Amino acid sequence: MINVEILIVGGGPAGLCAANAAADLGASVLICERDEIPGGQLVKQTHKFFGSRKQYAGDRGIAIGDFLLDEVINDPKIEVMPDTTVIGIYEDGLVLAERSEEIIKINPRKIIIATGAAEKFLTFPGNDLPGIYGAGAVQTLMNVAGVIPGERVLMVGAGNIGLIVSYQLAQAGVETAAVIEGAPTIGGYLVHASKIQRLGIPVRTGYTIKEAYGDGKVEGAVICRLDAAWNMIEGSEEDIKCDTICLAVGLTPLTELCWQAGCEMAFIRELSGHVPLIDKYLQTTNPKIYVAGDVSGVEEASSAMVEGRLAGYSAACSLGYGLDTAPSLQAGAMAELDELRAGPMSDRIRQGVEKVEKMVTKGGV
Amino acid sequence: MRIEQHPILEFDRKEKITFFFNGQEMEGYASETIVAALHAAGVKELGKSPELHRPRGLFCAIGNCSSCLMVVDGQPNVRACVVKIKPGMQVELQSGKGDLK
Amino acid sequence: MLINTGIPTKEDLAKVDPSAERLAQGPVAIVECFQEIPCNPCVDACKRNAINIEGDINGLPIVDFEKCNGCGVCIAHCPGLAIFVIDKTYSESHAVVRLPYEFVPLPEKGQLACALNRAGEELGNFEVVRVISGGAKNKTTTIWLAVPQDLAMEVRSIKAPNSAPNIQNSAPGLQSSPTDTLICRCEDITLDEIRRVIADGYRTIDEIKRVTRAGMGPCQGRTCRQLIAQELSRHFGIPMEEVLMSTFRPPVKPVKLGSFVKGGDL
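Residues numbered from 1 in each chain as written. Chains lettered and ligands numbered in written order. Predicted model: local features only at pLDDT ≥ 70, side-chain atom pairs only at ≥ 80, totals over all residues.

Some points on the overall build of chain C
Turning to step 1, where the next piece is worked out: Along chain C, the regular secondary structure elements total 9 helices and 11 strands.
Turning to step 2, where the next piece is worked out: Based on the C-alpha atoms only, the size of chain C along its principal axes is roughly 75 × 55 × 40 Å.
Turning to step 3, where the next piece is worked out: For chain C, with 266 residues in total, the buried portion stands at 39%.
Turning to step 4, where the next piece is worked out: Restricting to contacts in chain C with at least 6 residues of sequence separation, those with at least 24 account for 53%. (Helix = DSSP H or I, 4+ residues; strand = E, 2+ residues; numbered from the N terminus. Buried ≥ 20, exposed ≤ 12 C-beta atoms within 10 Å, placed from the backbone. Contact = placed C-beta atoms within 7 Å.)

Let's talk about the nonpolar core
General note: in soluble globular proteins, nonpolar side chains tend to be found buried as a group.
Turning to step 1, where the next piece is worked out: Grouped together as the largest cluster of nonpolar side chains are 228 residues, with contacts concentrated most on A18, A22, I112, V156, C246 and L247 of chain A together with L145 of chain C.
Turning to step 2, where the next piece is worked out: Looking at which element gives the most residues to this core, the answer is helix α7 (residues 301-318) of chain A, with 10 residues.
Turning to step 3, where the next piece is worked out: When residues no more than four places from it in sequence are discounted, the contact partners of A18 of chain A are I8, I112, A114, A292, G308, R309, A311 and G312 of chain A. (Core = buried A, V, L, I, M, F, W, Y, C linked by C-beta atoms within 7 Å.)

So, helix α8 (residues 225-236) of chain C
Residues and elements named next belong to chain C.
Turning to step 1, where the next piece is worked out: Look at α8: 17 Å from first C-alpha to last across 12 residues, which is about the 16 Å you get at 1.5 Å a residue.
Turning to step 2, where the next piece is worked out: Burial in α8 covers these residues: R225, Q226, L227, I228, A229, E231 and L232.
Turning to step 3, where the next piece is worked out: Downstream of α8 by a residue or two, G237 has a phi angle that is positive, lying close to 65 degrees. (Expected span 1.5 Å × (residues − 1).)

Describing the packing of helix α6 (residues 191-199) of chain C against α8 of chain C
Residues and elements named next belong to chain C.
Turning to step 1, where the next piece is worked out: Two elements in contact, α6 and α8, have axes whose closest approach is 11 Å; the angle formed by their N-to-C orientations is 45 degrees. By the angle class used here, α6 and α8 are oblique. Judged by the twist between their axes, the crossing of α6 over α8 is right-handed. For the pair α6 and α8, the contacting residues are I194, R195 and I198 in the first and I228, E231, L232 and H235 in the second.
Turning to step 2, where the next piece is worked out: Looking at the contact of α6 with α8 residue by residue, the classes come out as 4 nonpolar, 1 polar and 2 charged. (Axes fitted to C-alpha atoms, helices over the stretch in contact; angles between N-to-C directions. Parallel < 35°, antiparallel > 145°, perpendicular 65-115°, else oblique. Left-handed = near helix turned anticlockwise from the far one by under 90°. Nonpolar A, V, L, I, M, F, W, Y, C, P; charged D, E, K, R; others polar.)

Quick word on unusual backbone geometry
Turning to step 1, where the next piece is worked out: The amide bond that connects V104 of chain C to the next residue, P105 of chain C, takes the cis arrangement and shows omega of -5 degrees.
Turning to step 2, where the next piece is worked out: Here P105 of chain C lies in the loop between β5 (94-101) and β6 (112-116).
Turning to step 3, where the next piece is worked out: With omega at -5 degrees, the peptide bond leading from P250 of chain C into P251 of chain C counts as cis.
Turning to step 4, where the next piece is worked out: Mapped onto the secondary structure, P251 of chain C falls in the loop between α8 and α9 (257-262).
Turning to step 5, where the next piece is worked out: Phi is positive for D83 of chain A, close to 50 degrees, though the residue is something other than glycine.
Turning to step 6, where the next piece is worked out: Here D83 of chain A shows up in the loop between β3 (78-81) and β4 (84-89).
Turning to step 7, where the next piece is worked out: We note that S100 of chain A has phi near 45 degrees; this positive angle belongs to a residue other than glycine.
Turning to step 8, where the next piece is worked out: Tracing the backbone shows S100 of chain A in the loop between β5 (95-99) and β6 (102-113).

Overview of the domain arrangement of chain C
Turning to step 1, where the next piece is worked out: Parsing chain C into structural domains produces domain 1 (2-158) and domain 2 (182-256).
Turning to step 2, where the next piece is worked out: Computed over C-alpha atoms, the centres of domain 1 of chain C and domain 2 of chain C are 50 Å apart. (Domains from an automatic or database assignment.)

What to know about the interface of chain B and chain A
Turning to step 1, where the next piece is worked out: Contact with chain B, which involves 26 residues of that partner, is made by 26 residues of chain A.
Turning to step 2, where the next piece is worked out: Looking at the side of chain B that touches chain A, the elements that each hand over two or more residues are α1 (34-40) and β4 (55-56) of chain B.
Turning to step 3, where the next piece is worked out: At 3 residues, the largest contribution of residues to the side of chain B that touches chain A is made by α1 of chain B.
Turning to step 4, where the next piece is worked out: When its residues are assigned to classes, the side of chain B that touches chain A shows 14 nonpolar, 6 polar and 6 charged.

As structure tokens, this is what we get:
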């Protein structure tokens, strides 16, 4: 049995920042990371991050992962347990994890769940053919392994991920036939769309994928136009020759542990799925459990890092650490979040966060 | 296909190693996962689905979705997207939910 | 429209372009950033404080064209690669467009590169007059391209040398045959089957799970649960908020029995 003050589940941007923040206040921290090296999905983000200096804006995601990890590794108060997946949080507070095909027991005083999100799947005939990937999978193949997924790609979704991955495909020498988006407008940052348009990659809004076809693997796709009510317009079909279809249709929070640990949950569309109800310090309705990052609502990595810090300060403070400094550090992180979410592109996130706040003050769903 | 030249990244692939895919000898690099090495060789089909026997390939690449389960050294249900290749490793297509040998 | 295509219109550009008089005076930065997003590295990049944003970090950048001397440091610092420097004083016939570039191989000074406009259309081959490395950390190269004066406000990219040949899409004479739509990849449950059991009267995710096994496979419903919830929501005309979720129990991912046996002190 491992006794620890704060257990962090997931060593992505939120988890690493949470660890640093909690350790800064004096708490001892254990990070359980399912992968061999922490860093989460930063390892495949080759583009420069937005935000301000406080969130490492202007640096590439990969570099941010490296220095967050450096800080964690050089902090004697933090232990990182790689290749370890938390599989359950039990009523008595005991946590079970699997490490190298062996079950271990952890007895933490506080838990910060920072498990991130998973890619959404889309329904269309042939949607399970080999050659159809989540956009993140294509990033992993290209930017971690250095292997291209195919030669010609149809990108489904013009949110930030779809736009960024199309650009990254071009950097790897792979052609993107088109980026299609069901909505009438581009969901991601327009600078990302402009960046790929000027390479000759068309972004086509108001289009969806009708079906994928191929013998044993993708050989092409049929796309078609959508009307204002999202119905397919008959006769508008086009055949796109491609060997790869990339689904960038959003992420959904990975909340199994929150559900299973009895945190009160609610479906908040603006936050991309079911999320735990939390207070402004990121504490769930299970007083032992805090959350940070995409698990409490899918957003940018920059806000995940700030949420990580906030959860780390909050959890450490609840154990009596940094009672004098924590309140101002928490307030600082909250102000950063407010600023990141102040613009029109964050309308949805703000609405989602407000919904959660209202539910919490009402005392539940 | 592997990316040889990249504007942002350098790939430290480590040493070249040999493994087997359905009994056929294949080359890969020590840093690569099973699916990365197979994709580099153009192999996208990793198995057949349990009921409808449809071809299955990689989907999430980070161990979430279990679309890439393969038989590795006789053990079924290995997530080929997160397990790295090793010299002499026997990788096979998995049909359905796998049998213990 | 920019919001539909990502290609700024003349009206958009009119808001950020410097005056003809300023362009005639020498190099100047143009920030083609039209959307309020939380981002401000351009402000920090400019040593002459020529770039400012109004309000919080979501404000649009505004270039003070009088302070800007067209040094171009900002080009490689914009995460959106939206900054260009235009020098209309390069020669009588040619202007220089300085643009960010993140592809390999890099063109060399003196080589011709194929210029592209904001829609990716080819405008001709023009001379690369300078290549400035962004350095080991930044990695964004700045390319100086000498283009005819009348294209200075059009050229915004060059074609990557390794870009694939354009494969033509065929007209809709489709070669496909009808195939299934999968909902649960692990257990091979199709959309038709989910719809059938919903029509049979099963109305929660757990009921559907028990009768079809959708969500009982190795991914434990991570891929299919949302899709089933959407089907229930659609069929019964209830909002997603009211679709009853399944029960979650540990272990939340598949674990071999052997792993429990090995966990010595359990």
